[in-house]
Amino acid sequence: MKRTSNKSGKAASQGATVWTLNIKLVFGIYANGPWAATIEIDSSATLEDLHLVIQRAVQFSDDHMYMFYVARTHRSRDRTAFEDEDGSLYETTLAELFPLPDDRKLFYWFDFGDDWIFSIGRTRTAPQIPGKGKKYPRLIGTRGNTPVQYPPCD
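Summary of the structure given here.

1. A short note on the overall build of the protein chain
Piece 1. Of the regular secondary structure elements, the protein chain holds three helices and nine strands.
Piece 2. Start at the N end of the protein chain and walk to the C end: the helices and strands fall as β-β-β-β-α-β-β-α-α-β-β-β.
Piece 3. Going through the 154 residues of the protein chain one by one, you find that 43% of them count as buried.
Piece 4. Of the contacts made within the protein chain by residues no fewer than 6 positions apart, 68% connect residues no fewer than 24 positions apart.

2. Quick notes on a nonpolar patch on the surface
Piece 1. Where nonpolar side chains cluster on the molecular surface, the patch consists of Val26, Phe27, Ile29 and Tyr30 and spans about 340 Å² of accessible area.
Piece 2. Along the chain, Val26 falls in strand S3 (residues 18-27).
Piece 3. By relative accessible area, Val26 is classed as partly exposed at 34%.

3. Topic: the nonpolar core
Piece 1. Of all hydrophobic cores here, the largest spans 31 residues; its most connected members are Leu50, Phe68, Leu94, Leu106 and Ile120.
Piece 2. Of all the secondary structure elements, the ones that give two or more residues to this core are S3, strand S4 (35-42), helix H1 (47-58), strand S5 (66-71), helix H3 (94-97), strand S7 (105-110) and strand S8 (116-122).
Piece 3. Per-element accounting of this core gives the leading share, six residues, to H1.
Piece 4. Setting aside its immediate chain neighbours within four residues, Leu94 contacts Trp19, Leu21, Ile41, Asp42, Ser43, Ala45, Leu47 and Leu50.
Piece 5. Met67, Tyr69, Ala71 and Phe107 belong to the second-largest nonpolar core, a separate cluster that totals six residues.

4. Looking at the side chain of His51
Piece 1. With respect to the element layout, His51 can be found in helix H1.
Piece 2. The exposure class assigned to His51 is buried, which follows from its relative accessible area of 1%.
Piece 3. Excluding residues that lie within four positions of it along the chain, His51 makes contacts with Asp62, Tyr66, Phe68, Tyr108 and Phe110.

5. Thoughts on the pairing of S3
Piece 1. Pairing analysis gives seven bridges linking S3 to S4, with the strands arranged antiparallel. Residue pairing in the sheet places Ile23 in a bridge with Ala37 of S4.
Piece 2. Judged from the six bridges that link them, S3 and S8 form a sheet pairing that is antiparallel. For Asn22, the partnering residue across the bridge sits in S8 and is Gly121.

6. Quick word on the pattern of salt bridges
Piece 1. The tally for this structure, following the rule as stated, stands at four salt bridges.
Piece 2. The closest approach of N and O atoms between Arg104 and Asp103, which form a salt bridge, is 3.8 Å.
Piece 3. When its relative accessible area of 36% is taken as the criterion, Asp103 is described as partly exposed.

7. A short note on the packing of aromatic side chains
How two aromatic rings sit relative to each other is set out by the distance from centre to centre and by the angle between their planes.
Piece 1. In total, this model carries 11 aromatic pairs according to the counting rule given.
Piece 2. Plain terms: the ring middles of Tyr108 and Phe110 are 6.4 Å apart, the flat faces sit at 20° to each other, and that makes the pair stacked.
Piece 3. With a relative accessible area of 0%, Tyr108 lands in the buried category.
Piece 4. A relative accessible area of 0% means that Phe110 is categorised as buried.
Piece 5. Between the NZ or CZ atom of Arg79 and the centre of the ring of Tyr69, over which it lies, the distance is 3.9 Å.

Analysis parameters
- Residues numbered from 1 in each chain as written.
- Predicted model: local features only at pLDDT ≥ 70, side-chain atom pairs only at ≥ 80, totals over all residues.
- Heavy atoms only, no water.
- Helix = DSSP H or I, 4+ residues; strand = E, 2+ residues; numbered from the N terminus.
- Buried < 20%, exposed > 50% of the residue type's maximum accessible area, 1.4 Å probe, protein only.
- Contact = heavy atoms within 4.5 Å.
- Patch = residues over 30% accessible without salt bridge, like charges linked within 9 Å, V, L, I, M, F, W, Y side chains within 5 Å.
- Areas by Shrake-Rupley, 256 points an atom, 1.4 Å probe, with all protein chains shown as cover.
- Salt bridge = Lys/Arg side-chain N within 4 Å of Asp/Glu carboxyl O.
- Core = buried A, V, L, I, M, F, W, Y, C linked by side-chain atoms within 4.5 Å.
- Pairing = 2+ DSSP bridges.
- Phe/Tyr/Trp six-rings, centres within 6.5 Å; stacked < 30°, edge-to-face > 60°.
- Lys NZ or Arg CZ within 6 Å of the ring centre and 35° of its normal.

What follows is the structure, encoded as structure tokens:
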């Protein structure tokens with residue numbers, strides 16, 4: 001697959017498809033209700049690319065460690081982890097992860113102290129060819145109460 005660089009400096013793959021993903025807040029110490037987002041992202045994007053688009057969607061400061069994992073539930077101990085230490089965040093693409101087994105989900109865990117946990121799933125929308133002039137990844141929309149990473153102290 002031929003790789004080219006997009007405006008953000010991230011590699012984009014020519015011939016790859018664009019997937020629509022739903023991201024839902026599962027837990028966060030300061031969560032103030034449900035929140036979800038829909039994004040479009042190149043199937044050749046890495047987990048690091050997905051981390052960055054989620055950070056932009058929730059407007060968090062990228063100031064904590066994070067990981068992705070595949071498990072039955074967000075609390076499952078039986079999980080396959082993708083972390084910074086082994087470099088898998090930077091090498092694993094979405095196309096390598098999906099489709100997930102029927103009984104498994106992809107989770108994003110940001111800030112191991114405040115425990116911001118999000119579930120990530122592909123929509124039933126068919127993959128598409130990247131649109132001319134469109135930059136990926138891109139936020140399609142959000143629903144619910146945007147989480148506040150650091151609420152004001154009383």
